[in-house]
Amino acid sequence: MTATEPHVLYEKRGGIAYVTLNRPDKRNAFSPEMLVRLCDVWRDVADDREIRVALLTGSGNQAFSSGGDLGTTIPLMMRTRPPVGEWEERFSRDRKQLYGAILRGATFFKPVVAAINGYALAGGAEMVLGTDIRVMSNEATIGVTEVRRGLIAGGGSLVRLARQVPWAMAMELALVGEPVTAEQALAMGLVNRVVPPDQVMSVAEELARRISLGAPIALAKTKEAMVRSNGLPFEEAFAIEAQCTKDNAATEDAKEGPRAFMQKRPPVFAGR
């Protein structure tokens, strides 16, 4: 990476938004620039009707992300030093951009696939927990390591972990603060696939491509129903599912899918 390259790379192809954390020389640690750019990216993902799924990864072959930059982002979050330069000023005007950047409390429901090409630690692991489908290198590790730095994993992990893996595993990850191997992550259900390093991106991209075959609104409403109903009593959860089903049924794509099936042709979904 050159000094002029942005800390986030973003492109769109075939209904897929490719989002790459781009500080390989810093193990893709979250800089103020990266966090501000990520917030802009996620807003565009949410607003662009052509995008059906996002694919998130890190540059290089060492790290997905090592979390918040201890020299810049963390001091700014802790207010232990003043901001310097445009990106730090922009970040300091709204420190909650950290949460938006790493998908804590995201309000859009387009699916996000993570290609975990290297270790994901601290905030990097928390960002993974905000994604939906995860492909991990068999040489990578993942760890919620904040307690080892005198911090807590307040980027969503303390809420999400116990909803995504068994309680005892969640507590071990959060309290011991040691990274686990890809095989351990797979065994506890934290990731979907473990593959050799040179296959991570291709497998993740294939999953994203297969997701993109679905109707955009149906995809988003499916995720919305699952996210919003998670942990609720059945009656409340079913009400959310019913509303999402009703919303989707009113779309043109809900008519196009069955019509295309009966006409023995691929559906042409328009996202409306």
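Scroll up for the structure.
Scoring rules and cut-offs
Residues numbered from 1 in each chain as written. Predicted model: local features only at pLDDT ≥ 70, side-chain atom pairs only at ≥ 80, totals over all residues. Heavy atoms only, no water. Phe/Tyr/Trp six-rings, centres within 6.5 Å; stacked < 30°, edge-to-face > 60°. Helix = DSSP H or I, 4+ residues; strand = E, 2+ residues; numbered from the N terminus. Buried < 20%, exposed > 50% of the residue type's maximum accessible area, 1.4 Å probe, protein only. Pairing = 2+ DSSP bridges. Axes fitted to C-alpha atoms, helices over the stretch in contact; angles between N-to-C directions. Contact = heavy atoms within 4.5 Å.

Next up on the list: the packing of aromatic side chains. According to the stated counting rule, one finds two aromatic pairs in the structure shown. Ring geometry for W42 versus F108: centroids 5.9 Å apart, planes at 25°, classification stacked. Residue W42 is located in helix α1 (residues 32–47), and its partner F108 is located in the loop between α4 (97–101) and β5 (112–116); the two are separated by 66 residues in the primary sequence. Residue class for W42 comes out buried when judged on its relative accessible area of 3%. The exposure class of F108 is buried, given its relative accessible area of 12%.

This next bit is on the sheet that holds β5. Strand order across the open sheet formed by six strands is β1-β2-β3-β5-β7-β10, with mixed pairing between neighbours. Of all strands in the sheet, those bounded by a partner on one side alone are β1 (8–13) and β10 (193–195). This sheet shows a mean twist of 15° between the axes of neighbouring strands, independent of strand direction. By the bridge criterion, six bridges tie β1 to strand β2 (residues 16–21) in an arrangement that is antiparallel. Its bridge partner lying in β2, E11 is registered against Y18. Relative to the sheet, α1 contacts β1, β2, β3 (53–58) and β5, its axis offset from that of β1 by approximately 15°.

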